[in-house]
Each structure stands twice: as C-alpha cells, then as structure tokens.
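Fold and contact review
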Protein chains: 2
Amino acid sequence: MTAASIAKDLRAAIRSGTYTPGDRLPSEAALMATYGVARMTARHGLSMLKDEGLTVTRHGSGVFVRAFEPIIRDTTGAPADDSTVTAEIDETGAGLTVRTLAVTAEADAPEKVRTALGLAEGDKVTVRERLHLRERKPVLFATSYLPASIAAGTPIAERDVGQGGTHARLADAGHAPVRFREDVVARMPSIEEIEELRIEPGTPVLAVTRTAFAADGTPVELSHVVLDAGEFMLRYDID
Amino acid sequence: MTAASIAKDLRAAIRSGTYTPGDRLPSEAALMATYGVARMTARHGLSMLKDEGLTVTRHGSGVFVRAFEPIIRDTTGAPADDSTVTAEIDETGAGLTVRTLAVTAEADAPEKVRTALGLAEGDKVTVRERLHLRERKPVLFATSYLPASIAAGTPIAERDVGQGGTHARLADAGHAPVRFREDVVARMPSIEEIEELRIEPGTPVLAVTRTAFAADGTPVELSHVVLDAGEFMLRYDID
DNA sequence: GAGTGGTCTAGACCACTTA
DNA sequence: AAGTGGTCTAGACCACTCT
C-alpha cells in the first residue's frame, strides 16, 4: 500500500496547492527517507502521478507539476486548412505554425478511406499530410484524403494549395463542402504518435475523423487528425 | 532496453493480429523464460502496453488484448437529458440506462459555474447529478447547474423532471435552450473518476463542458460531463 | 562532482482465478 | 493446488542536469 499512499499524499498536496504547476516534487531519495521505503516503491508512487498526467519528469532534474494551457480549436464553420489556421485556431493559438509534410496526387486508398468517401476499389485518392507546431513543439498531425477524380490536377495536389486552402479549391471545382461530421475519440497515443508529437507520458490524444460533404451529400474529403490532448481543447457551437 | 523491447514485440504482435482483442498474452513467467530477464523487467514491458491502453490485466488470470466498441454520442440538436437518453445515444448505445444520483434545488455555485452562468455572488443554483450505465458498468457522469432563479420550484428541481427532460421544462418556463457550446478536453482520470466510472488503467476520459443558451443569449444551463473514453465516441454534425 | 531520474536483477510474500 | 498478476525490498549501474 505504500506506493499508493505516497501517490495519494503527493496528489493531495498538488490539488491543495502545496505544489503548483512548475514546482518540483520531492526527489526519490527524499521520499525513501520520509516514508522509509525502497527506491522502487518511491518511484512507483511517482510514476502513478505521471500516468495520471499530473506530473512530468525531467531526467536528471526532477519531477514537476504539470500545467495545462490548451489551444482552443474552434471548429464552427471554419474549415481546418493549411492556409486558414489562424482562422481555425482562436487567439490562444498564437504562435501556431503549419508544416506541410507530404502531398501525393494519386495514391491507393485504404479500405476505410474508400468506404468513407464512397469510392470503388481501385479508385485513387489525393493525400495531404501536415503538422501543426506550437513554439517548435508539434501538437497536431493531420492526414487528408480527397478523391483523386476531384483533386488531382488542381492545386489541392500541389504543395501550396493557395489562398483559402483545400476548401476554397474544392469550391472552385464545384464541390464546395457545406456539411461536416466530426467523430471524436480519446485514447493513449501509439509509439509513433508519441515520437511524432513528442507527447508526454500520461497524456492522451484526441483522434478526430472529419468528413466533409458537398451540397449534394457527396463526401469530398476525409481527414484524420490526431491532437496532443495536453495542448488542445475542442470547441463546438451547436444550434 | 529489454522491457521496452518486450513491449515492442508484443505491440507488434497485437497490431499484426497475432493476438486479437480478448486474447491472452504470454504470462510474466513465460516472458522471463523467453527473454531471460527478471520478473520486474517482464512486468514493466507488460505495464507499458497497459499504459498505452492496448491491454487489460486481470489479476490471477492474465493480460488480455483490449477491445474498443464505442457508444456513439451524437450531440446534434439532441439535448443530453435524463429522459431523452435514447434519443441522444444512437443505436449502438442500446442497453444504456440512467441513474439520477442527486438533485439539489438550491446550492451555492462554485465560482466557475457562477461565471459561466453569469450569476452574481450569492446567487443559488439547482444541481442535478446523474450516472449513465452500459450493462451495469458506469460510463458517464454528468453534473448540471441551472440558475435557481429559473429552476427552483419547477420539476427541474425534482428527481423526476418529466417528459422531455430539463430542456422541455426550461422551454415551459420560457427559457428554451436554442444554442449550445461544448468544450471537449481529454485527460487521464482522477482517482475519484477511476472509482466512479471503474475506468481501466491506460484509459483517458473525455471531459465535456456544455453551456446551453436561451434565444436571448442568456446561459441557462452548464453541464460538466465526464465520459469513459474507452466507451465513447463523440459525434458532431456541423453545417 | 553531487544529485537527479532510468533501468535492471534476484528474491520474497500476497491476492486472485481457475480447475 | 497450481498458475496468474500485485507489491515490496536491497542493491547495482547508467544517463542526464546543474553548478
């Protein structure tokens, strides 16, 4: 019970404000002395707090209370697009930059993508991958799939989609997206996501699957967006 | 590196389908033998998978690959309310039941609630707490705050709000909610949430703060909803 | 160099599950 | 009763940070 009780004490101290975000917690050695336990036990107590996302550990430096200052991602109406980031992310998102990682004009579509876009087997898709960074730290990774029958040959298949982003280009092509569906799931990140987004232990990700539909109901874009939940709050305004 | 490599091997095996949801992974003793490591090392490898939400452990029985079959919570237009649960939760949510835990006609409002509802210091709120269960397992905990000036004395302050839920009663009182804002955050659960929702290790929660506004823009209800992310997918339809 | 966290070993005892 | 995971001890060596 000792590891759990160490965690309990520290947790209470954090909640009560004895330790505030950024503060250093007692070291493993200090906890061993205070509680008279073996090192692995003190460690285990601390690791519980880490798993709860309450603390971050800095190797060689200490265990620190974590802060949460989320970027608000306001999805209402505003398309999530390369050149409209500042519109999409509200004022708290200042300092956000976008890096387009890869654009593939024609690629094979994974089964799930094909189904979501209503494509037949063998139909190609245009794929865009991008990364959002907040002060150098990657915070969001997005992959967009569009039917190549619509996107190939347009600026959507280029690195620079131009003013207004992919949605403006879709509109140019007569496929303006007018309705969106977002499916939101929270889960622990995969190893790849931990590396790509440099996610802290004890931090989940938000995985958003967004489908954009044209006026005739045709799906025109499918996006998989993975957000570091330690950095974001999703905001939805519903009428 | 060994604990990490054990985790890596098992993770790859799970992804490739060698182990499918529900399957038992090799025991700690088996991993000790296979990799020639101490027990704590094998354990650590397994605990990584648990922290990633890939597995669940059953004491005395084994470590099993986890499944994810989410309830879809479709928020579009449909109010999240006691008597409208079946409307709110789509067909995959069959088997969901609601338990109203507590109703307080007049309570002091926490500062954040007061601010969100635009109340003055000393103003009272009506508080409703409820728990949703899926086949006996609690999956969602919700607390609603309404200005007591509106709700006290109406069925909203009663255990049974009647047909149509609180939103219908708000409408009866001339405060029909017409606009909603939902702020969604994902994080690891607190100890209380782990106990209350019986959340598995390695599972985050979705914390939704929903504000309902009447036609004149007045906030009429603030709800804090905590969902077991191992059980839910949030769906938003946006025009 | 002193102090911090990261990893691993080898062994003990306990609690739960399954047959 | 045998097998499983849960917890703890006591000690080792390594890697990183701070001053």
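Quantities reported herein were computed from a predicted structural model and do not represent experimental measurements.

We now examine the side chain of His-132 of chain B. Residues and elements named next belong to chain B. Along the chain, His-132 turns up in strand β5 (residues 124-134). Given the relative accessible area of 1%, His-132 is considered buried. At 3.2 Å, the side chain of His-132 forms a polar contact with the side chain of Arg-130.

Rotating chain B by 180 degrees about the axis while translating it 0.0 Å along that axis superimposes it on chain A, leaving an RMSD of 0.0 Å. These values place the two chain copies in the arrangement generated by a two-fold rotation axis.

Moving on, we get to the nonpolar core. Ranked by size, the top nonpolar core spans 50 residues in total, and within it Leu-206 of chain A together with Leu-206 of chain B carry the most contacts. Other than its neighbours up to four places away in sequence, Leu-206 of chain A contacts Val-184, Val-185, Ala-186, Val-225, Val-226, Leu-227, Ala-229, Phe-232 and Leu-234 of chain A together with Ala-186 and Leu-206 of chain B. Within the second largest apolar cluster, 14 residues are counted, among which are Ile-6, Tyr-19, Val-37 and Val-63 of chain A.

Tracing the backbone through its elements, the reader meets Ala-120 of chain A in the loop between α5 (111-117) and β5 (124-134). When the C-alpha positions of Ala-120 of chain A and Ala-109 of chain A are compared, they lie 9.7 Å apart, and in sequence the two are eleven residues distant.

The interface of chain B with chain A comprises 36 residues on the first partner and 36 residues on the second. Among the residues of chain B in contact with chain A, Met-188, Tyr-236 and Ile-238 of chain B are the three that bury the most area, contributing 20% of the side total. Linking chain B with chain A are eight salt bridges. Here Arg-181 of chain A and Asp-237 of chain B are joined by a salt bridge, their closest N and O atoms 2.9 Å apart.

This part is about the pattern of salt bridges. Summed over all chains, the structure comprises 28 salt bridges over all chains. The partner of Glu-192 of chain A in a salt bridge is Arg-15 of chain B, with the nearest N and O atoms 2.9 Å apart. Pair noted here: Glu-192 of chain A is in helix α8 (residues 191-197) and Arg-15 of chain B is in helix α1 (residues 2-15), and the two residues belong to different chains. With a shortest N-O distance of 2.3 Å, Glu-231 of chain B and Arg-134 of chain B are connected by a salt bridge. Taken together, the residues span a long stretch of sequence, with Glu-231 of chain B in the loop between β9 (219-228) and β10 (232-238) and Arg-134 of chain B in strand β5 at a distance of 97 residues.

All names here are of chain A. Interaxial distance between helix α1 (residues 2-15) and helix α3 (residues 39-51) falls to 8 Å at its minimum, and their mutual angle equals 50 degrees. Judged by the angle between their axes, α1 and α3 are oblique. In the crossing of α1 with α3, the sense of the turn from one axis to the other is right-handed. For the pair α1 and α3, contact is made by Thr-2, Ala-3, Ala-4, Ile-6, Ala-7, Leu-10 and Arg-11 and by Thr-41, Ala-42, His-44, Gly-45, Leu-46, Met-48 and Leu-49, respectively.

Turning next to the packing of aromatic side chains. Given two aromatic rings, one states the distance between the centres and the angle between the planes to describe the pair. In the structure shown here, the tally under the stated rule is one aromatic pair over all chains. Arg-58 of chain A extends its terminal NZ or CZ atom over the ring of Phe-64 of chain A, reaching a point 3.9 Å from the ring centre. Between the NZ or CZ atom of Arg-179 of chain B and the centre of the ring of Phe-213 of chain B, over which it lies, the distance is 4.3 Å.

So, on to the sheet that holds strand β9 (residues 219-228) of chain A. Ordered by their spatial adjacency, eight strands build an open sheet running β4(A)-β5(A)-β6(A)-β9(A)-β8(A)-β7(A)-β10(B)-β3(B), and the pairing between neighbours is mixed. The open sheet has two free edges, formed respectively by β4 (96-108) of chain A together with β3 (71-74) of chain B, since each of these has just one partner strand. Within the sheet, the average angular offset between the axes of one strand and its neighbour, ignoring direction, is 20 degrees. The pairing of strand β7 (residues 177-187) of chain A with strand β8 (residues 205-214) of chain A spans ten bridges and is classified as antiparallel. Within the sheet, the bridge partner assigned to Asp-183 of chain A lies in β8 of chain A and is Thr-209 of chain A.

With that settled, consider the packing of helix α2 (residues 28-35) of chain A against α3 of chain A. Residue and element names in this part refer to chain A. Remark: α2 packs on α3, axes separated minimally by 9 Å, with the N-to-C direction vectors making an angle of 110 degrees. If you check the angle between α2 and α3, you find them roughly perpendicular. The chirality of how α2 crosses α3 is right-handed. Touching Glu-28, Leu-31 and Met-32 of α2 are Arg-39, Ala-42, Arg-43 and Leu-46, all from α3. Of the residues contributing to the contact of α2 with α3, the split by class is four nonpolar, no polar and three charged.

Let us now look at α1 of chain B. Helix length check: α1 of chain B (14 residues) gives 20 Å between terminal C-alpha atoms against 20 Å at 1.5 Å per residue, within 8%. Directly after α1 of chain B, the chain includes Gly-17 of chain B, whose backbone phi takes a positive value near 95 degrees.

Take the domain arrangement of chain A next. In terms of domains, chain A is made up of domain 1 (2-65) and domain 2 (71-235). For domain 1 of chain A versus domain 2 of chain A, the separation of C-alpha centres amounts to 38 Å.

Another aspect to go through is the sheet that holds strand β8 (residues 205-214) of chain B. Strand order in this open sheet of eight strands is β3(A)-β10(A)-β7(B)-β8(B)-β9(B)-β6(B)-β5(B)-β4(B), and the pairing throughout is mixed. Sheet topology places β3 (71-74) of chain A together with β4 (96-108) of chain B at the edges, where each strand pairs with a single neighbour. Across the sheet, the axes of successive neighbouring strands diverge by a mean angle of 20 degrees, strand direction being ignored. Bridging between β8 of chain B and β9 of chain B involves nine bridges; their strand directions are antiparallel. Within β9 of chain B, the residue paired with Thr-211 of chain B across the bridge is Leu-222 of chain B.

Quick notes on the rules
- Residues numbered from 1 in each chain as written.
- Chains lettered and ligands numbered in written order.
- Predicted model: local features only at pLDDT ≥ 70, side-chain atom pairs only at ≥ 80, totals over all residues.
- Heavy atoms only, no water.
- Helix = DSSP H or I, 4+ residues; strand = E, 2+ residues; numbered from the N terminus.
- Buried < 20%, exposed > 50% of the residue type's maximum accessible area, 1.4 Å probe, protein only.
- Polar contact = N/O pair within 3.5 Å; in protein donor to acceptor, adjacent residues only side chain to side chain.
- Least-squares fit on C-alpha atoms with pLDDT ≥ 70 in both.
- Core = buried A, V, L, I, M, F, W, Y, C linked by side-chain atoms within 4.5 Å.
- Contact = heavy atoms within 4.5 Å.
- Buried area = accessible area lost by both parts, 1.4 Å probe.
- Salt bridge = Lys/Arg side-chain N within 4 Å of Asp/Glu carboxyl O.
- Axes fitted to C-alpha atoms, helices over the stretch in contact; angles between N-to-C directions.
- Parallel < 35°, antiparallel > 145°, perpendicular 65-115°, else oblique.
- Left-handed = near helix turned anticlockwise from the far one by under 90°.
- Phe/Tyr/Trp six-rings, centres within 6.5 Å; stacked < 30°, edge-to-face > 60°.
- Lys NZ or Arg CZ within 6 Å of the ring centre and 35° of its normal.
- Pairing = 2+ DSSP bridges.
- Nonpolar A, V, L, I, M, F, W, Y, C, P; charged D, E, K, R; others polar.
- Expected span 1.5 Å × (residues − 1).
- Domains from an automatic or database assignment.

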